[in-house]
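Spelled out from the first residue to the last, the chains are:
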Amino acid sequence: MNNNNLLKKGRRMGDLKYMILSVISVLTFLLIWQLLVIFGVLSTRTIAAPTQVLVTFFEKFYSTAPDGATIFTNIAVSLKVSLTGFFSAIIIGTPLGMLMGWYKPLDRFIRPLFEIIRPIPPIAWIPLTILWVGIGLGAKAMIIFFSAFVPCVINSYTGIKLTSQVHVSVAKTFGASNFKIFRTVGVPSSMPMAFAGIRIALGNSWGTLVAAELLAANAGLGYMIMMGRQFVRPDVIILGMLTIGILGFIFTWIFTKIENVVVRWRTL
Amino acid sequence: MPNDDVKIKVRNLTKYFGDLHVLDNISFDVKKGEFLCVVGPTGCGKTTFLNLLTKLIPPTSGELYINDEPADPKIHNISFAFQEPSAFPWLTVEQNLEFGLKIKNIPKDVIKTRVERIIKLLGLEQFRKSYPHQLSVSSEQRIIIGRSFAMYPDLLLMDEPYGQMDIKMRYYLEDEVIKLWKEFGSTVIFITHNIEEAVYLAERILILSNKPSTIKKEVVVDLPRPRDFTDPKFVEIRKYVTELIKWW
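Residues numbered from 1 in each chain as written. Chains lettered and ligands numbered in written order. Predicted model: local features only at pLDDT ≥ 70, side-chain atom pairs only at ≥ 80, totals over all residues. Heavy atoms only, no water.

**Student:** Before we move on, could you go through the domain arrangement of chain B and cite the residues and values that matter?
**Tutor:** Residue and element names in this part refer to chain B. Along its sequence, chain B is organised into domain 1 (1-33 + 50-74), domain 2 (77-166 + 177-190) and domain 3 (192-248). Relative to domain 2, the C-alpha centre of domain 1 lies at a distance of 24 Å. Domain 1 puts 17 residues into the contact, and the matching count from domain 2 is 14 residues. Where domain 1 abuts domain 2, roughly 1,200 Å² becomes buried across the two surfaces, and 73% of that area is made up of carbon and sulfur atoms. It is Gly33, Leu50 and Thr54 that lose the most area in domain 1 upon contact with domain 2, and together they represent 39% of the buried surface on that side. In this assembly, domain 1 and domain 2 are joined by one salt bridge. The closest approach of N and O atoms between Asp154 and Lys7, which form a salt bridge, is 3.2 Å. Of all elements in the fold, only strand 1 (6-17), strand 2 (20-31) and helix 1 (46-53) reach the threshold of two or more residues within the side of domain 1 that touches domain 2. Of the residues belonging to the side of domain 1 that touches domain 2, the class tally is nine nonpolar, four polar and four charged. (Domains from an automatic or database assignment. Contact = heavy atoms within 4.5 Å. Buried area = accessible area lost by both parts, 1.4 Å probe. Salt bridge = Lys/Arg side-chain N within 4 Å of Asp/Glu carboxyl O. Helix = DSSP H or I, 4+ residues; strand = E, 2+ residues; numbered from the N terminus. Nonpolar A, V, L, I, M, F, W, Y, C, P; charged D, E, K, R; others polar.)

Structure, rendered in structure tokens:
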């Protein structure tokens, strides 16, 4: 027991050491950046100093310049768009993939269409969606949907195809109907793969968000970045980029927590 | 054998895979609560035979009757303990034991009582909330056996469930199966290639011939339990069965 505690303590010390290293690396990077701007090596027209970005961040709490919205409005708009697209993709894509993987006729029916749509890059849908639904929430959510939908379908499809035959046989000898086997054996056994797909979808939807907003929007983080360019405000651009990065990180973290609960049996 | 005692009737079971004749006209009866072992040379179609009995694959001809009705997993309680690990990794020990009962839509309180009984009999109390991969391979196999008995099956089929165990664990689990079988009075067909195991467990042994398999011989084992591997009578039966498998 004592040994174990010592070992744990040792590991914690090691973790701390590595964390300090990581912090030092980030701080050094910021410091060099700051110095380069202060000494005029980098022009303030093309890049803003980290301190300036921080100042802008606090300013954007209440200021709507230059893009017409505060940082909170922009975050809220972007979140609404990306989450709408992302969740619609999960709700439609994951069950669809599973059903296709389980029921052959459905697979044969949908797969050709899916294979045609699959290689089209999500942003190639932008012009069409603008024609169809304008530049509102629906349009952007739809573009994000296209980017998140494909990995949801493919992974849950592959996951359910990998269901162990002996598990299916167990349920079959107990007298389960095909649908019951699908529900009680196929779906749970494909969950780890489905989650891997949703994780890819999360990354895609966050990435496509910026593209969607860069091209057609009137608020949001991507739109803020674009306005920053038009008004030559590198601080606003960098603030937008960092906000997107940090939000993406938070999402992945929340998602990992949810995944650990749902497929607990894999992580224990 | 008086007819009212017969639980399982197998009649003229024949199976071809294309041109390959695997089983040839197999007929036999199993009495209610009987422990029947099936042995045969390697590759004689034992697993095919079991898959036919569970209705996982259709026979070319012939039929299996349970209580004089054609067997149907949707109507009858058939349990199958497979050779390969078949505990559901996403379910806890307790949920694995409940699985078949839930499929059969058995009332919740009945499920609870039965699962408790099995957990107690197998001594799995401390593992009830564990997942199969957290247990040893032998414990995982015990879940499978427990899950099969929990069904109170009309027919319990076991396909070399201890094939991958070491000899000590085998003895232990064989005794455990006997304990469960006596407790629940289930009708068991146990397939193995291990003759010693068959003599230790069975009340009656069916010996299959090489492909196309038929029943070559039926051997009644009327030794008292617990059986002793060194008992001269035990050894005699074992040798007899071995000879029958060797010379075809």
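**Student:** Before we move on, could you go through the side chain of Asp154(B) and cite the residues and values that matter?
**Tutor:** All names here are of chain B. Structurally, the position occupied by Asp154 is in the loop between helix 4 (137-150) and strand 7 (155-159). By relative accessible area, which is 16% here, Asp154 ends up buried. Here Lys7 takes part through its side chain, which lies 3.2 Å from a polar atom of the side chain of Asp154. Those residues within four positions of Asp154 in sequence are excluded, and the remaining contacts are Lys7, Ile8, Ile66, Asn67, His76, Asn77 and Thr187. (Buried < 20%, exposed > 50% of the residue type's maximum accessible area, 1.4 Å probe, protein only. Polar contact = N/O pair within 3.5 Å; in protein donor to acceptor, adjacent residues only side chain to side chain.)

**Student:** Go over the sheet that holds strand 8 (residues 188-191) of chain B with me, naming the residues and quoting the values.
**Tutor:** Residues and elements named next belong to chain B. The six strands are arranged 6-7-8-3-9-10 in an open sheet whose pairing can be described as mixed. Only two strands of the sheet have a single partner each, and these edge strands are strand 6 (78-81) and strand 10 (215-220). Taking each pair of neighbouring strands and ignoring which way they run, the sheet shows an average axis angle of 15°. Here strand 3 (residues 35-39) pairs with strand 8 via four bridges, running parallel. (Pairing = 2+ DSSP bridges. Axes fitted to C-alpha atoms, helices over the stretch in contact; angles between N-to-C directions.)

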